[in-house]
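Results of the structural survey
What follows is each chain in one-letter form.
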Amino acid sequence: MLPRPGEVKEIPSDGSVLPVISSIPTRRKVVFLTIDDGWEQDPGFVRQVREQRIPITAFVTRDAVEALGAPDPAGGEGKYVGRGKWGYVRQLREAGVPIENHTLTHPNLRTLGYTAQKAEICGSSKLIRKHIGARPTLFRPPFGNYGADTLRAAKACGIEALLLWTATVQPGGKIAYQVPDKRLRPGDILLLHFRPNLARDFAILVAKIRRRGYELGNLDAYLKAALRRAK
Ligand SMILES: [Zn+2]
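Residues numbered from 1 in each chain as written. Predicted model: local features only at pLDDT ≥ 70, side-chain atom pairs only at ≥ 80, totals over all residues. Heavy atoms only, no water.

1. Section: the state of the cysteines
Under the counting rule described, the total for this entry stands at one disulfide. The partner cysteine of Cys 122 in its disulfide is Cys 157, sulfur to sulfur 2.1 Å. Residues Cys 122 and Cys 157 share a disulfide whose torsion about the S-S bond is about -100°; that sign makes it left-handed. One end of the pair, Cys 122, is in helix α4 (residues 114-132); the other, Cys 157, is in the loop between α5 (148-156) and β6 (161-163), and 35 residues separate them in sequence. Assessed through its relative accessible area of 7%, Cys 157 is described here as buried. (Disulfide = S-S within 2.5 Å. Helix = DSSP H or I, 4+ residues; strand = E, 2+ residues; numbered from the N terminus. Buried < 20%, exposed > 50% of the residue type's maximum accessible area, 1.4 Å probe, protein only.)

Structure (structure tokens):
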């Protein structure tokens with residue numbers, strides 16, 4: 001779903017510091033889906049996104065997509081870990097999913113200096129461009145950890161905004177809120193992971209969001225409205 005004219009409040013940004021966004025300023029009952037890392041490459045998920053035209057933005061990490069190292073222990077053993085590698089990410093892109101930056105190795109950026117952070121972020125953007133054909137404009141720091149150096153490094157790598165979230169989606173499609181009132185709010189950004197049973201959990205989640213009277217928004221279009229990005 002796209003924003004109506006005048007619906008989205010402007011997020012102040014003077015262009016000198018990268019904007020940090022954890023929700024979209026709107027009063028419409030719309031929420032945004034994002035999905036991180038890229039370990040469990042369930043083909044059923046791509047089918048759902050494509051056939052039901054569900055807007056979702058992916059933040060991928062090289063080591064997850066290429067199945068280097070061990071998957072997020074919270075995810076458990078998956079059937080599809082690294083199954084299609086970058087080919088899977090390309091299928092997502094072809095299904096309309098923007099592919100954004102979530103570093104090469106998923107480090108805690110607060111433990112790294114500027115140069116190392118820049119290598120993680122620029123390296124990831126370069127790799128995504130090589131495999132997907134489009135350069136990321138959004139960055140999500142692993143674990144939500146970032147500092148002033150992260151904002152500078154991301155900007156130097158061509159990133160236009162740092163994207164956080166307001167709620168995470170757990171196995172079974174359960175929503176874990178970061179706010180005390182435990183309800184969806186207009187403009188919420190939900191964080192999912194490429195985990196086992198993703199296709200099943202995703203169907204449960206989307207049905208739940210719609211039952212509560214919310215629609216799924218196109219994050220890119222809403223961000224453009226919020227940041228008054230010229231394009
Ligand atoms: Zn992550």
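2. Quick look at helix α7 (residues 219-227)
Here α7 has its buried residues at Leu 219, Ala 221, Tyr 222, Leu 223, Ala 226 and Leu 227. Contacts made by the buried residues of α7 are with β1 (20-21), β2 (30-37), β3 (56-60), β5 (138-139), β6 and β9 (189-193). One side-chain oxygen at the N-terminal end of α7 lies 3.1 Å from the backbone nitrogen of Asp 220; it belongs to Asn 218. Downstream of α7 by a residue or two, Arg 228 has a phi angle that is positive, lying close to 50°. (Contact = heavy atoms within 4.5 Å. Polar contact = N/O pair within 3.5 Å; in protein donor to acceptor, adjacent residues only side chain to side chain.)

3. Brief notes about the coordination of the zinc ion
Within the protein, the atoms that donate to the zinc ion are Asp 37 (OD), His 102 (NE2) and His 106 (NE2), at distances of 2.1 to 2.2 Å. When the donor residues of the zinc ion are listed from N- to C-terminus, their spacing reads D-x64-H-x3-H. Of the two residues, Asp 37 sits in strand β2 while His 102 sits in the loop between β4 (99-101) and α4, which places them 65 residues apart along the sequence. With respect to class, Asp 37 is no different from His 102; both count as buried. (Donors = N, O, S within 2.8 Å, 3.2 Å for Na, K, Ca; no water.)

4. Here's the deal with the pairing of strand β7 (residues 167-170)
Two strands pair when backbone bridges link them, and β7 and strand β8 (residues 174-177) are joined in this way by four bridges, in the antiparallel orientation. Within the sheet, the bridge partner assigned to Ala 167 lies in β8 and is Tyr 177. The hairpin formed by β7 and β8 contains three residues between the paired strands, and Gly 172 there has a positive phi angle of roughly 90°. Sheet topology places β7 next to β9; two bridges connect them, and they run parallel. Bridge assignment links Thr 168 to a residue of β9, and that residue is Leu 191. (Pairing = 2+ DSSP bridges.)

5. Points about the pattern of salt bridges
For the coordinates displayed, the defined rule picks out seven salt bridges. Of the charged contacts, one joins Asp 63 and Arg 62 as a salt bridge, the two residues approaching to 2.9 Å between their closest N and O atoms. Between Lys 224 and Asp 220 there is a salt bridge; the shortest N-O distance is 2.7 Å. Of this pair, Lys 224 and Asp 220 both sit in helix α7, four residues apart, roughly one helical turn. Judged by relative accessible area, which is 23%, Asp 220 ranks as partly exposed. (Salt bridge = Lys/Arg side-chain N within 4 Å of Asp/Glu carboxyl O.)

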